[in-house]
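# A structural walkthrough
The residues making up each chain are set out below.
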Amino acid sequence: MSEITYVRGDATVPSVKGVKVIAHVCNDIGGWGKGFVLALSRRWPEPEAAYRAWHRDRAKNDFGLGAVQLVKVDPHVWVANMVGQRGIRTGSKGVPVRYEAIDAALGRLADEVIELGASVHMPRIGCGLAGGKWSRIEPLITEQLVKRGIAVTVYDHGEGGG
């Protein structure tokens, strides 16, 4: 069985051949403006526009914790907006990350990725502004994606590892 590949670099520029899905975690309140989403928006306007429309029309769609939205940004590149955090602030209810929502979203993502015949690329999802611990998220990625034969690359940006 393969494992997660760790590289230093920018997850918005996956350097492999074939179809690629760039996965990241969004919040459940329609906020898009800090963290990895800024790097996505610098490259493509579509993921943010699609996420905002998805949130705006949430009464009529599946928007919510654990949901996944795939947005095509290039002939061979998709962005997966995965709703895996409740709100945006660490407060009385703890950190915003919701591990069970990330787990559900990764499961849904796996089905889509297999259908596309794609590889998955991501930063350390849920560990930045969402406040999650990689030691809790890495096993979810292994279980939902790697064990199903999906190639996963995790990108560490800049100096030092998270």
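The structure displayed is predicted, hence computed values, not measured ones.

## Quick look at helix H1 (residues 36-43)
Residues of H1 that are buried: Val 37, Ala 39 and Leu 40. Axial view of H1: buried residues confined to an arc of 155 degrees, hence all on one face. Packed against the buried residues of H1 are strand E2 (20-27) and strand E4 (77-85).

## Comments concerning helix H2 (residues 46-56)
All of the buried residues along H2 are Pro 47, Ala 50, Tyr 51, Trp 54 and His 55. Buried residues of H2, seen end-on, are gathered within an arc of 130 degrees and therefore sit on one face of the element. Those residues of H2 hidden inside the fold are in contact with E2, strand E3 (68-74) and E4.

## Comments concerning the sheet that holds strand E1 (residues 5-8)
Overall, mixed pairing links the six strands, which are arranged E1-E6-E5-E2-E4-E3 in an open sheet. Among the strands making up the open sheet, the edge pair consists of E1 and E3. Looking at each pair of strands side by side, their axes are set apart by 30 degrees on average, direction ignored. Sheet analysis places E2 next to E4, joined by eight bridges and oriented parallel. Looking across to E4, one finds that Val 25 is bridged to Met 82. In this fold H2 packs onto E2, E3 and E4, with an angle of close to 150 degrees to the strand it touches most, E3.

## Concerning the side chain of Asp 28
Residue placement: Asp 28 occurs in the loop between E2 and H1. A distance of 2.9 Å separates the side chain of Asp 28 from the side chain of Arg 86, its partner in a polar contact. Among the polar contacts made by the side chain of Asp 28, one reaches the main-chain amide nitrogen of Gly 87 at a distance of 2.7 Å. Setting aside residues up to four positions removed in sequence, Asp 28 forms contacts with His 55, Phe 63, Leu 65, Val 83, Gln 85, Arg 86 and Gly 87.

## Observations regarding the layout of surface pockets
Estimates place the volume of the largest pocket at around 680 Å³. Taken together, 29 residues form the lining of the largest pocket, with Lys 34, Gly 35, Phe 36, Val 37 and Leu 129 sitting closest to its centre. When contributions to the lining of the largest pocket are tallied by element, the ones reaching two or more residues are E2 and H1. A per-class count over the lining of the largest pocket returns 14 nonpolar, 10 polar and five charged.

## Quick notes on the pairing of E4
Across the nine residues of E4, nine count as buried, placing the element largely inside the fold. Pairing of E3 with E4 involves six bridges; the strand directions are antiparallel. Residue pairing in the sheet places Asp 74 in a bridge with Val 77 of E4. Between the antiparallel neighbours E3 and E4 lie two residues.

What counts and how
- Residues numbered from 1 in each chain as written.
- Predicted model: local features only at pLDDT ≥ 70, side-chain atom pairs only at ≥ 80, totals over all residues.
- Heavy atoms only, no water.
- Buried < 20%, exposed > 50% of the residue type's maximum accessible area, 1.4 Å probe, protein only.
- Helix = DSSP H or I, 4+ residues; strand = E, 2+ residues; numbered from the N terminus.
- Arc of directions from axis to C-beta.
- Contact = heavy atoms within 4.5 Å.
- Pairing = 2+ DSSP bridges.
- Axes fitted to C-alpha atoms, helices over the stretch in contact; angles between N-to-C directions.
- Polar contact = N/O pair within 3.5 Å; in protein donor to acceptor, adjacent residues only side chain to side chain.
- 1 Å grid on protein atoms, 1.4 Å probe; cavity = no way out; pocket = protein on both sides within 12 Å on 5 of 7 lines; lining within 4 Å.
- Points joined across faces, edges and corners; volume = space filled by probe spheres on them.
- Nonpolar A, V, L, I, M, F, W, Y, C, P; charged D, E, K, R; others polar.

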